[in-house]
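If you want the building blocks of each chain, they are given just below.
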Amino acid sequence: MPLKKIALLLAALGLTAAACAQKLKGSDTLLPLAQKAAENYSEKNPSAHVTVTGGGSGVGLSSLREGTTDIAMASRRIKFDERVRMQQAGRPVEELTVAFDALAVIVHPSNPVSRLTREQLEGIFRGKITNWKQVGGEDRKIVVYSRETSSGTYEFFKESVLKHRNYMPAVL
């Protein structure tokens, strides 16, 4: 599975993130890293008040556009239309990659299926493959779980695995 970039999107104010940011919001993938960085910053700067919350990459980007956060955490690149809306709102952004992460698809340890191709994953997440026996497993229904639609991970998986096609309607 290809690696994906995790980006912090900074309001382009000509200031450093540490100097201007009090609120970070967005990617749940980036949340633990940002929380640790905020703790370290607060220890060195006791008068600083930094809050870090999740909610998904889309939530962070919307919050940045609306001016309710100082830094949007995103586990994906900013989309063209998001960048345009930011500029229209008078909030041009700068993307800063702070880490890379990987994506894993997990099955229960008792499941004998140990390897799936990208095509099989696409079939499962699009609802074309619905039983484990179709991919070499037991005769059991496949229950598909995914991230919420505001998640950068959701978008990354849709682009990289589903090749920009939609998830099946019944995904949990």
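Residues numbered from 1 in each chain as written. Predicted model: local features only at pLDDT ≥ 70, side-chain atom pairs only at ≥ 80, totals over all residues. Heavy atoms only, no water.

Caption draft 1: Representation of the pattern of salt bridges within the structure. Per the stated rule, a full pass over the model turns up 12 salt bridges. Note that Arg-77 is salt-bridged to Glu-95, the shortest N-O span being 3.3 Å. You can see Arg-77 sitting in the loop between β4 (71–74) and α4 (80–88) and its partner Glu-95 sitting in strand β5 (residues 93–101), a full 18 residues away along the chain. Residue Arg-147 is joined to Glu-148 by a salt bridge in which the shortest nitrogen-to-oxygen separation is 3.1 Å. Judged by relative accessible area, which is 31%, Arg-147 ranks as partly exposed. It is possible to trace a salt-bridge network through shared partners that takes in Arg-118, Glu-119, Glu-122 and Arg-165. (Salt bridge = Lys/Arg side-chain N within 4 Å of Asp/Glu carboxyl O. Helix = DSSP H or I, 4+ residues; strand = E, 2+ residues; numbered from the N terminus. Buried < 20%, exposed > 50% of the residue type's maximum accessible area, 1.4 Å probe, protein only.)

Caption draft 2: Expanded view of helix α6 (residues 152–160). The buried fraction of α6 is high, at 8 of 9 residues. All of the buried residues in α6 are Gly-152, Thr-153, Tyr-154, Glu-155, Phe-156, Phe-157, Lys-158 and Ser-160. You can read the cap of α6 off the contacts: a side-chain oxygen lies 3.0 Å from the backbone nitrogen of Thr-153, and it is on Ser-151. (Polar contact = N/O pair within 3.5 Å; in protein donor to acceptor, adjacent residues only side chain to side chain.)

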